[in-house]
Amino acid sequence: MKKIASAVLAAALCSTAFAAGTASTPITVNATVLSSCTFDTGATTAASFTYDAIAGTSGAVNGAATLYCNAGTTITTTTATSGALTLKSVSKTGTLNATYALTQVAATGAGAGSYAGADKHTYTLAATAASGQWAAPTAADYTTTLDVNVTF
């Protein structure tokens, strides 16, 4: 009887081990990567100059902005590459007329840090003001902005 019980127990253990099975199937994971761009506001610099009505500005002063886009994103800059600017005094009722030139240099995959691998677009804004603007009152607070707009 003991031999029969051992045989039955061994058969039960074997049949359980052989009766267990496995199955698997792969599940495909797909993604669509959207075009994405952002300006690094921490890397934006102002174009600041001192104006003299006799000499104007001694040369173009540069400001800059940096745009990062995920790799392969096609962008179009919609801001004009040159034009006029009107700087207004905050403290006085005066304006100073200036002109600008906007250039862009693209560097594929040149992003670093938190933008590692991104396409880097560096915009440089050169501003100048012609001499002879005697109606602009003396003040140290003339300002304006130029929006750099891109589509992607």
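Located above this text is the structure these notes cover.
Presented here is an overview of the structure given in this document. Note that the structure is predicted; figures quoted are calculated from it, not measured.

So, about the overall build of the chain. Check the secondary structure of the chain and you find one helix and eight strands. Counting only residues that meet the buried cut, the chain has 22% of its 152 residues in that class. Restricting to contacts in the chain with at least 6 residues of sequence separation, those with at least 24 account for 67%. Here the chain displays about 10300 Å² of accessible surface, and carbon together with sulfur accounts for 58% of that area.

Glancing now at the side chain of S89. In this structure, S89 sits in strand β4 (residues 82-89). Taking relative accessible area as the criterion, S89 reaches 10% and is therefore assigned buried. A polar contact of 3.0 Å, which involves the side chain of S89, links it to the backbone nitrogen of K92. In contact with S89, other than residues within four places in its own chain, are G94, A139, D141 and Y142.

Ranked by size, the top nonpolar core spans 16 residues in total, and within it L67, I75, L87 and Y123 carry the most contacts. Counting residues per element, the ones that place at least two in this core are β2 (61-69), β4, β5 (95-107) and β6 (119-128). Top element by residues in this core is β5. It accounts for four residues. Residues within four places of Y123 in sequence aside, it is in contact with F39, G63, A64, A65, L67, I75, T77, L102, T103, Q104, V148 and V150.

Below, the discussion takes up the state of the cysteines. By the definition in use, this model includes one disulfide. The disulfide partner of C37 is C69, and the gap between their sulfur atoms is 2.0 Å. The S-S bond linking C37 to C69 shows a torsion near 115 degrees; that makes this disulfide right-handed. In this pair, C37 sits in strand β1 (residues 37-39) while C69 sits in strand β2, placing the two residues 32 residues apart along the sequence. Across this residue pair, the class does not change: C37 and C69 are buried.

Turning to the environment of T38, a few remarks are in order. The topology assignment puts T38 in strand β1. Given the relative accessible area of 38%, T38 is considered partly exposed. Spatially, the C-alpha atoms of T38 and L67 are 5.6 Å apart, while their sequence positions differ by 29 residues. Those residues in contact with T38, other than ones at most four positions away along the chain, are T66, L67, Y68 and Y115.

Reading the values: the criteria
- Residues numbered from 1 in each chain as written.
- Predicted model: local features only at pLDDT ≥ 70, side-chain atom pairs only at ≥ 80, totals over all residues.
- Heavy atoms only, no water.
- Helix = DSSP H or I, 4+ residues; strand = E, 2+ residues; numbered from the N terminus.
- Buried < 20%, exposed > 50% of the residue type's maximum accessible area, 1.4 Å probe, protein only.
- Contact = heavy atoms within 4.5 Å.
- Areas by Shrake-Rupley, 256 points an atom, 1.4 Å probe, with all protein chains shown as cover.
- Polar contact = N/O pair within 3.5 Å; in protein donor to acceptor, adjacent residues only side chain to side chain.
- Core = buried A, V, L, I, M, F, W, Y, C linked by side-chain atoms within 4.5 Å.
- Disulfide = S-S within 2.5 Å.

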